[in-house]
Amino acid sequence: MDILEEIVARKRVDLQQMKARHTERIIHQEVEQLMSQDFSVPSMSQSLKSSSTGIIAEFKRRSPSKGWIMEKADAAVVPLSYQQAGASALSILTDTPYFGGDDSDILKARNSGVTLPILYKNFVVDEYQLFQARLCGASAVLLIAACLNKDECRMLLNMAHELNLEVLLEMHSEADTEYADLLPDMCGINNRNLGTFHTDVQTSFRLASRLPEEVCWVSESGLKDLATLEALRLAGYNGFLMGERFMKEADPAQALNEFTGIITK
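What counts, and where the lines are drawn
- For every chain, the first residue of the written sequence is number 1, and numbering continues from 1 along that sequence.
- Where totals are concerned, whole chains, interfaces and linings use all residues; where local detail is concerned, this predicted model gives features only for residues with pLDDT of at least 70, and gives and counts side-chain atom pairs only at 80 or more.
- Excluding hydrogens and water, the side-chain figures rest on all heavy atoms present in the structure.
- Where helices and strands are cited, they refer to DSSP runs of H or I of at least four residues and of E of at least two residues respectively, numbered from the N terminus.
- Radius of gyration means the value over C-alpha atoms here, while the globule rule gives 2.2 Å times the residue count to the 0.38 power.
- To sort residues, take the accessible area from a 1.4 Å probe on protein chains only and compare it with the maximum for the residue type: under 20% means buried, over 50% means exposed, and anything in between is partly exposed.
- Two residues qualify as a contact provided that any one of their heavy atoms is within 4.5 Å of a heavy atom in the partner residue.
- Note on areas: these come from Shrake-Rupley sampling with a 1.4 Å probe, and a residue is covered only by the protein chains present in the view.
- His is not counted, nor are the chain ends, whereas Lys and Arg count as positive and Asp and Glu as negative.
- The location of each charge is read from NZ of Lys, CZ of Arg, CG of Asp or CD of Glu.
- Here, any two strands with at least 2 DSSP bridges between them count as paired.
- Between N-to-C directions, angles span 0 to 180 degrees; the directions come from axes that are lines fitted to C-alpha atoms, helices contributing only their stretch in contact.
- Take the buried Ala, Val, Leu, Ile, Met, Phe, Trp, Tyr and Cys residues and link them wherever side-chain atoms come within 4.5 Å; each set so joined is a nonpolar core.
- Whether a crossover is right-handed comes down to one check: with the strands pointing away from the viewer, does the path from the first strand over the helix to the second run clockwise; if it does, it is right-handed.
- Comment: arc refers to directions from the helix axis out to C-beta atoms.
- Polar contact is defined as a pair of N or O atoms within 3.5 Å, subject to the rule that within protein one atom must be able to donate a hydrogen and the other to accept it, and that residues adjacent in sequence are counted only when both atoms are side-chain atoms.
- We count a salt bridge whenever a side-chain nitrogen from Lys or Arg sits within 4 Å of a carboxyl oxygen from Asp or Glu.

Caption draft 1: How the structure looks around the overall build of the protein chain. A tally of regular secondary structure across the protein chain gives 11 helices and 10 strands. Taken over the C-alpha trace, the protein chain has a radius of gyration of 17 Å; the compact-globule value for 265 residues is 18 Å, and the two agree within 12%. Counting only residues that meet the buried cut, the protein chain has 57% of its 265 residues in that class. Across the protein chain, contacts joining residues at least 24 apart in sequence account for 68% of those joining residues at least 6 apart. Carbon together with sulfur atoms contributes 48% to the accessible area of the protein chain, which is approximately 11400 Å² in total. In the protein chain, 26 side chains carry a positive charge and 37 a negative one; their mean positions are 4 Å apart.

Right, here's the structure in full:
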């Protein structure tokens, strides 16, 4: 069992425990009430397409491969400072066992004044998680092709849209790109193999020709310098998900501000 299989197996067990504490009927009612109040969230795909930087700044306390990156990072501080530093959108890890996150991190970010689109980044394998994403104030959800068969992915994508959530469909191999014909709002190419954690930015370039032109393209992981982003933009990418590049610094927002200062000159 590789790490992705381990995470997904753990996720299914944790979900059963969540549903026992907070039933599907209750969370459906909560989301229905929220949506009846016309609580809208900004479009992530449109934000990326109209942005001069396309940077999706990620709030990430730890990872399975690196351990703790910034254990005490405050979701009421860092995401808002990312917004002020010029991010186009945010990604917030909500997985607890492997990434040290929680749904409350998105709520804290929203309550702190964040108005940017927020990606609910988790290992989504059940529609219950889509209701969790909607309830905490996310704009979009991550679906990972390697975690789902195509019918499951189609079902979750359709349900996300019913909840007014956009979908970033993540792929990292030629086989994964067979899911691209589902036409998610955003196609993401993860340069990091989730099983081995090997990272190769050339993955985004290699798979670009397999992506539908009509959707927003996002390159994820291993993005560290301006030249790489410029080359990816020329290849057709609108969004660039960057997490450890900033979170490993003492002041993530300052690191982002310095980076965006370079790329907006």
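Caption draft 2: Looking closely at the sheet that holds strand E7 (residues 166–171). Read around the closed barrel, the 8 strands follow the order E1-E4-E5-E6-E7-E8-E9-E10; overall the barrel is parallel. In this sheet, neighbouring strand axes are inclined to one another by 25° on average, regardless of whether the strands run parallel or antiparallel. As paired elements, strand E6 (residues 140–144) and E7 share 5 bridges and run parallel to each other. By the bridge assignment for E7, Val141 is matched with Val167.

Caption draft 3: Spotlight on the nonpolar core. Judged by nonpolar contacts, the single largest core of 90 residues is most densely connected at Tyr82 and Leu143. Residues contacting Leu143, with those up to four places away along its chain left out, are Val124, Leu148, Cys153, Leu156, Leu157, Val167, Leu168, Leu169 and Glu170.

Caption draft 4: Up close: the pairing of strand E9 (residues 216–220). Taking burial as the measure, the 5 residues of E9 include 5 buried ones, the bulk of the element. Residues Cys216, Val218 and Glu220 point to one face of E9 and Trp217 and Ser219 to the other, with burial holding for every one of them. As a crossover connection, the stretch from strand E8 (residues 186–190) through helix H8 (residues 202–207) into E9 is right-handed. Of the pairings in the sheet, the one linking E9 to strand E10 (residues 239–242) comprises 3 bridges and is parallel in character. Across the sheet, residue Val218 finds its bridge partner in E10, namely Gly239.

Caption draft 5: Up close: helix H9 (residues 226–234). Taken residue by residue, H9 has Thr228, Leu229 and Leu232 as its buried positions. On an axial view of H9, the arc spanned by its buried residues comes to 95°, and they lie on one face. In H9, the exposed positions angled more than 90 degrees off the buried face are occupied by Ala227 and Leu234. Measuring from the backbone nitrogen of Ala227 back to the side-chain oxygen at the start of H9 gives 3.2 Å, which picks out Asp225 as the cap. Gly236 occupies a position one or two residues after H9 and carries a positive phi of about 120°.

Caption draft 6: Structural detail: the side chain of Glu220. Relative to the helices and strands, Glu220 is located in strand E9. Buried within the structure, Glu220 lacks any salt-bridge partner; its nearest side chain of opposite charge belongs to Lys121, at an N-O separation of 4.8 Å. Residues within four places of Glu220 in sequence aside, it is in contact with Leu168, Glu170, Gly188, Ile189, Asn190, Asn191, Arg192 and Leu241.

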